[in-house]
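# Residue-level structure breakdown
Listed below, chain by chain, are the residues.
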Amino acid sequence: MDHTQDASKSKHLATSPFKGKTGIRRLINAFGYSLEGFKAAFVHEDAFRQEVFLAIVLIPLAIYLGNSPVEQAMLIASVLLVLIVELLNSAIEAAVDHTSTEHHALAKQAKDIGSAAVFIALLIVAVVWGLILFA
């Protein structure tokens with residue numbers, strides 16, 4: 001098989017029947033899906049709501065307490081990391097629950113690993129804030 005056939009074959013394999021929009025329409029759709037995801041997480045996930053409220057308090061504090069733009073960025077990024085990881089953890093939990101509501105060792109493992117990731121993100125907040133504010 002020559003290089004041209006490889007390229008057309010890989011292009012064919014990478015195409016999803018669910019991907020129909022391109023350009024600005026795709027960006028608009030993606031933005032809408034993101035808003036729907038934020039809303040779903042906020043409505044259905046207690047932990048995400050708590051972390052959003054924590055971010056509402058900590059982000060302005062980061063701007064006030066950071067002594068330089070780099071410190072401010074690190075303080076804010078650590079808080080935003082928690083939100084990102086919590087969103088991913090919530091997505092994993094929803095996918096696992098959708099697949100089956102029966103107790104299964106792999107389902108528990110997936111959920112526990114997601115929870116551990118959130119815990120590590122929270123530790124990062126504590127370390128970054130502690131080092132910047134108290135070191």
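What comes next is a walk through the structure. Bear in mind that the values here come from a model prediction, so they are computed numbers and not experimental data.

What counts, and at which threshold
- Residues numbered from 1 in each chain as written.
- Predicted model: local features only at pLDDT ≥ 70, side-chain atom pairs only at ≥ 80, totals over all residues.
- Heavy atoms only, no water.
- Helix = DSSP H or I, 4+ residues; strand = E, 2+ residues; numbered from the N terminus.
- Buried < 20%, exposed > 50% of the residue type's maximum accessible area, 1.4 Å probe, protein only.
- Contact = heavy atoms within 4.5 Å.
- Areas by Shrake-Rupley, 256 points an atom, 1.4 Å probe, with all protein chains shown as cover.
- Phe/Tyr/Trp six-rings, centres within 6.5 Å; stacked < 30°, edge-to-face > 60°.

Turning next to the overall build of the protein chain. The helix and strand tally for the protein chain stands at five helices and zero strands. What you see in the protein chain, going N to C, is helices and strands ordered as α-α-α-α-α. Counting all 135 residues of the protein chain, 21% fall into the buried class. The long-range fraction of contacts in the protein chain, counting pairs at least 24 apart against all pairs at least 6 apart in sequence, stands at 62%. For the protein chain, the accessible area works out to roughly 10100 Å², and carbon and sulfur atoms hold 69% of it.

Looking now at the packing of aromatic side chains. Following the criterion strictly, the structure yields one aromatic pair and no others. Aromatic pair F42 and F53: ring centres 5.8 Å apart, planes at 80 degrees, arrangement edge-to-face. Here F42, found in helix 2 (residues 23-44), pairs with F53, found in helix 3 (residues 46-65); they are eleven residues apart in sequence, far enough to count as distant. Using a relative accessible area of 47% as the deciding quantity, one classes F53 as partly exposed.

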